[in-house]
Amino acid sequence: MIGLKRGSVKLLPHQEEWDKNAENVILELKQLFGNAAVDIQHVGSTAIASIYAKPIIDIVIGLRDLNDIPPYRKRLEEHGFIFRGEDVARQMLFVMGDFEKDTRTHHIHAVKWNGTEWKNYINFRDYLNCHPEKAMRYDACKKKLALQFPDGRRSYTEGKQECIGRLLKEAYVWRKFQDT
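To start, this report covers the structure provided alongside it. (Residues numbered from 1 in each chain as written. Predicted model: local features only at pLDDT ≥ 70, side-chain atom pairs only at ≥ 80, totals over all residues. Heavy atoms only, no water.)

1. A few points about the overall build of the protein
Here's step 1: When helices and strands are tallied, the protein shows 5 helices and 6 strands.
Here's step 2: Considered along the principal axes of its C-alpha atoms, the protein spans approximately 45 × 40 × 30 Å.
Here's step 3: In the protein, which comprises 180 residues, the share counted as buried stands at 49%.
Here's step 4: Counting contacts in the protein only where the partners sit at least 6 residues apart, residues at least 24 apart contribute 65% of the total.
Here's step 5: Counting every atom, the protein has about 9,600 Å² of accessible surface; 51% of that belongs to carbon and sulfur.
Here's step 6: For the protein, the distance from the average position of its 29 positive side-chain charges to the average position of its 25 negative side-chain charges is 3 Å. (Helix = DSSP H or I, 4+ residues; strand = E, 2+ residues; numbered from the N terminus. Buried < 20%, exposed > 50% of the residue type's maximum accessible area, 1.4 Å probe, protein only. Contact = heavy atoms within 4.5 Å. Areas by Shrake-Rupley, 256 points an atom, 1.4 Å probe, with all protein chains shown as cover. Lys, Arg positive; Asp, Glu negative; His and termini not counted. Charge placed at Lys NZ, Arg CZ, Asp CG, Glu CD.)

2. Here's the deal with the nonpolar core
Looking at soluble globular proteins, one finds that nonpolar side chains tend to be buried together.
Here's step 1: Among the nonpolar cores identified, the biggest contains 25 residues, and Leu29, Phe33, Ile59, Ile61, Leu63, Phe81 and Ile108 are the most heavily contacted of them.
Here's step 2: At the level of secondary structure, the elements contributing two or more residues to this core comprise helix 1 (16-33), strand 2 (37-43), strand 3 (57-63), strand 5 (91-98) and strand 6 (103-112).
Here's step 3: By residue number, the principal contributor to this core is helix 1, which donates 7 residues.
Here's step 4: When sequence neighbours within four positions are dropped, the list of residues in contact with phenylalanine 33 reads Ile61, Leu63, Ile69, Tyr72 and Leu76.
Here's step 5: Residues Val9, Ile51, Ala135 and Trp174 belong to the second largest nonpolar core, which totals 19 residues. (Core = buried A, V, L, I, M, F, W, Y, C linked by side-chain atoms within 4.5 Å.)

3. Observations concerning the state of the cysteines
Here's step 1: Tallied over the full model, the rule gives 0 disulfides.
Here's step 2: With no disulfide partner, cysteine 130 has as its closest neighbouring cysteine sulfur the one in cysteine 163, 17 Å distant.
Here's step 3: With no disulfide of its own, cysteine 163 lies closest to cysteine 141 among cysteine sulfurs, the gap being 4.2 Å.
Here's step 4: Taking relative accessible area as the criterion, cysteine 163 reaches 5% and is therefore assigned buried. (Disulfide = S-S within 2.5 Å.)

4. Some points on the packing of aromatic side chains
For any pair of aromatic rings, the description rests on two quantities: the centre-to-centre distance and the angle between the ring planes.
Here's step 1: This model, assessed by the stated rule, comprises 4 aromatic pairs.
Here's step 2: Ring geometry for phenylalanine 83 against phenylalanine 94: centres 5.1 Å apart, planes inclined by 55°, an arrangement best described as tilted. Of this pair, phenylalanine 83 sits in strand 4 (residues 82-88) while phenylalanine 94 sits in strand 5, and the two are 11 residues apart along the sequence.
Here's step 3: Ring centres of tyrosine 127 and tryptophan 174 lie 5.7 Å apart, and the angle between their planes is 55°; on these two criteria the pair is classed as tilted. One end of the pair, tyrosine 127, is in helix 3 (residues 116-130); the other, tryptophan 174, is in helix 5 (residues 153-178), and 47 residues separate them in sequence.
Here's step 4: On the basis of relative accessible area, tyrosine 127 is assigned to the buried category, the value being 6%.
Here's step 5: The residue whose ring lies beneath lysine 143 is tyrosine 52, and the NZ or CZ to ring-centre distance is 4.0 Å. (Phe/Tyr/Trp six-rings, centres within 6.5 Å; stacked < 30°, edge-to-face > 60°. Lys NZ or Arg CZ within 6 Å of the ring centre and 35° of its normal.)

5. Things to note about helix 3
Here's step 1: Across its 15 residues, helix 3 extends 21 Å between first and last C-alpha, which sits within 8% of the 21 Å expected from 1.5 Å per residue.
Here's step 2: Listed in full, the buried residues belonging to helix 3 are Glu117, Trp118, Tyr121, Ile122, Asn123, Phe124, Arg125, Asp126, Tyr127 and Leu128.
Here's step 3: Elements in contact with the buried residues of helix 3: strand 2, strand 3, strand 5, strand 6, helix 4 (132-148) and helix 5. (Expected span 1.5 Å × (residues − 1).)

What follows is the structure, encoded as structure tokens:
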């Protein structure tokens, strides 16, 4: 299953379908962006095989400069990638889904390649995939919040921030040792 009603929270165990779907969307985005995209990767909880996730695929597009996006907006929208703005500083968000049913299937985050946001997405995913005990800590946090806020995605997301912040700090230390 891919897709979730906007604003709701439902967690599912990892599904291979998510990885395959992400690969297909990444290929489409690479064709649309060409060389303007330095890299495009599957991130977020659906990219971490050992944990539960909302069935919404997160993909990050790494660009040399966020000003590279405007010439592509119309073309992206023609292919179902709807621009939602700069919902988070230094990121542009595109979404996919069934808008008549108010369902979202994909969140596409455009960021500066190798900038802080890019590194956060990549380090977090890689760290949790390499450290199952840390992934389980994050999973437990998410499950608790999902039970508390089944119809409050904003509260669910805000509730995860402290846990994400701690894990990101650990991920940066881990990455430094990986890169030496």
